[in-house]
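What follows is each chain in one-letter form.
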Amino acid sequence: MSRVSRGFKILGWLIKFLFVMLIAAICGFLLWRIFSSSSPDSMEALSVNESVVEAYENDGELYLFRQEQASITRAESNAGYFSVTRAAFIPEANQIQVVLRYNNSTIKHLVEDYSLETIPERSEDLYDVSLFFSVDLTPENTEDNATVSEGATRTFRCSSRLVRRDEKNLYNYRMFVFDLDECGEDLAALLESGHLLAVYADVYYVEDMDLDEKAYGTLCLYDYLTETEELKLSSDDIKAIKERKYD
């Protein structure tokens, strides 16, 4: 074999090797992103309080459900800022539990959007979530269900209670619990009536909590047309309920 042929053969092997390494690096990066974006265990576990325990003990079980909705903010002003990784509706406990996720770049955007002088620590509680409910007042007319209007819809808000914090790689997690007893509403009754049109999670910067103004980010958690999916309690959830390990 001539030196030229041997050189081309070595070059071919080198190109193949570099190509394989490139593919391996891309696959490794994609796998890292997938695993790093999965929620920590603390955000998958049910938050337990007196309402949850009482609802479970009444029936010996607890029904939770969710809906498949857009999970990431996509508006031009907040594309990719926030996502909801878990939204559990618990009618018997008159409660909704929401997990908000945002990455470190969202904090940098916060600095730009609000002209902050320093970058907040990721451990700080920077955001609050308020739930906005729309209830149908004209169930005989379905043509006005897509809009919020006086006379056709009743709206109300429910404030949150921050119960857990966690971090994982680039992501930050906050779990919020909404007790509808505190806003004088009955989730089970609203669902059974068929008049609950939608529930939205409005995210606000804690230093800009004017609920009459547009939220920093909004995600739909529920609408009356989308099928629901039951969520199962884990063995750890049941153990926490039975041991009354309250958040």
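What counts as what
- Residues numbered from 1 in each chain as written.
- Predicted model: local features only at pLDDT ≥ 70, side-chain atom pairs only at ≥ 80, totals over all residues.
- Heavy atoms only, no water.
- Helix = DSSP H or I, 4+ residues; strand = E, 2+ residues; numbered from the N terminus.
- Buried < 20%, exposed > 50% of the residue type's maximum accessible area, 1.4 Å probe, protein only.
- Contact = heavy atoms within 4.5 Å.
- Areas by Shrake-Rupley, 256 points an atom, 1.4 Å probe, with all protein chains shown as cover.
- Patch = residues over 30% accessible without salt bridge, like charges linked within 9 Å, V, L, I, M, F, W, Y side chains within 5 Å.
- Salt bridge = Lys/Arg side-chain N within 4 Å of Asp/Glu carboxyl O.
- Lys, Arg positive; Asp, Glu negative; His and termini not counted.
- Charge placed at Lys NZ, Arg CZ, Asp CG, Glu CD.
- Polar contact = N/O pair within 3.5 Å; in protein donor to acceptor, adjacent residues only side chain to side chain.
- Core = buried A, V, L, I, M, F, W, Y, C linked by side-chain atoms within 4.5 Å.
- Phe/Tyr/Trp six-rings, centres within 6.5 Å; stacked < 30°, edge-to-face > 60°.
- Pairing = 2+ DSSP bridges.
- Axes fitted to C-alpha atoms, helices over the stretch in contact; angles between N-to-C directions.
- Arc of directions from axis to C-beta.

1. Here's the deal with the overall build of the protein chain
Right, so step 1: Helix and strand content of the protein chain: six helices and ten strands.
Right, so step 2: Considering the protein chain as a whole, with its 247 residues, one finds that 40% of them fall into the buried category.
Right, so step 3: Of all intrachain contacts in the protein chain linking residues separated by at least 6 positions in sequence, the fraction that spans at least 24 positions is 68%.
Right, so step 4: Of the roughly 14300 Å² of accessible surface on the protein chain, a fraction of 53% belongs to carbon and sulfur atoms.

2. Here's the deal with a negative patch on the surface
Right, so step 1: The grouping of Asp-59, Glu-61, Glu-92, Asp-181, Glu-182, Asp-186 and Glu-192 at the surface amounts to a negative patch.
Right, so step 2: One can find Glu-61 in the loop between α3 (50–59) and β1 (64–67).
Right, so step 3: Classification of Glu-61 as exposed rests on a relative accessible area of 55%.

3. Some points on the environment of Arg-154
Right, so step 1: Looking at the element boundaries, Arg-154 is found in strand β5 (residues 153–158).
Right, so step 2: It is 8.1 Å that separates the C-alpha atoms of Arg-154 and Phe-133, two residues lying 21 residues apart in sequence.
Right, so step 3: Setting aside chain neighbours within four positions, we find Arg-154 in contact with Phe-133, Ser-134, Val-135, Leu-137, Glu-185 and Leu-190.
Right, so step 4: One polar contact links Arg-154 to Glu-185, side chain to side chain, over a distance of 2.8 Å.

4. Section: the nonpolar core
Right, so step 1: Membership of the largest hydrophobic core comes to 34 residues, with the highest contact counts inside it found for Ile-96, Tyr-127, Leu-131 and Phe-133.
Right, so step 2: Those residues within four positions of Phe-133 in sequence are excluded, and the remaining contacts are Ile-96, Arg-154, Thr-155, Phe-156, Cys-158, Leu-180, Leu-196, Ala-198 and Val-199.
Right, so step 3: Judged by nonpolar contacts, the second largest core, of 14 residues, contains Leu-46, Leu-64, Ile-90 and Leu-231.

5. A few points about the packing of aromatic side chains
Two aromatic rings, taken as a pair, are described by how far apart their centres are and by the angle between their planes.
Right, so step 1: A full pass over the atoms with the stated rule returns 14 aromatic pairs.
Right, so step 2: Ring geometry for Phe-65 and Phe-89: centres 5.0 Å apart, planes at 15°, overall stacked. Of this pair, Phe-65 sits in strand β1 while Phe-89 sits in strand β2 (residues 83–90), placing them 24 residues apart in sequence. When sorted by exposure, Phe-65 lands in the same class as Phe-89, which is buried.
Right, so step 3: Residues Phe-89 and Tyr-222 carry aromatic rings whose centres are separated by 5.9 Å and whose planes lie at 50° to one another, so their mutual orientation is tilted. Taken as a pair, Phe-89 in strand β2 and Tyr-222 in strand β9 (residues 217–223) lie far apart in primary sequence, 133 residues in all.

6. Things to note about the side chain of Ser-130
Right, so step 1: Looking at the secondary structure, you find Ser-130 in strand β4 (residues 127–136).
Right, so step 2: At 3.1 Å, the side chain of Ser-130 and the side chain of Arg-157 are in polar contact.
Right, so step 3: Residues in contact with Ser-130, not counting those within four places in the same chain, are Arg-157, Cys-158, Phe-178, Tyr-200, Ala-201, Asp-202, Tyr-204 and Leu-211.

7. Here's the deal with the pairing of strand β6 (residues 161–168)
Right, so step 1: In this sheet, strand β7 (residues 171–179) lies alongside β6 in antiparallel orientation, the contact comprising seven bridges. Across the sheet, Arg-164 pairs through a bridge with Met-175, a residue of β7.
Right, so step 2: Two successive antiparallel strands, β6 and β7, enclose a turn made up of two residues, where Asn-169 displays a positive phi of approximately 55°.

8. Regarding the sheet that holds strand β8 (residues 196–205)
Right, so step 1: The antiparallel open sheet is built from four strands, whose spatial order is β5-β4-β8-β9. A single partner strand is all that each edge strand has here, and the edge strands are β5 and β9. The mean inter-strand angle of the sheet, taken between neighbouring strand axes irrespective of direction, is 20°.

9. Section: helix α4 (residues 104–113)
Right, so step 1: Thr-106, Ile-107, Leu-110 and Val-111 are the residues of α4 that are buried. Seen end-on, α4 carries its buried residues on one side only, within an arc spanning 150°. For α4, exposure combined with an orientation more than 90 degrees from the buried face picks out Lys-108 and Glu-112.
Right, so step 2: Of the surrounding secondary structure, the elements contacted by the buried residues of α4 are β3 (95–103), β4, β7 and β8.

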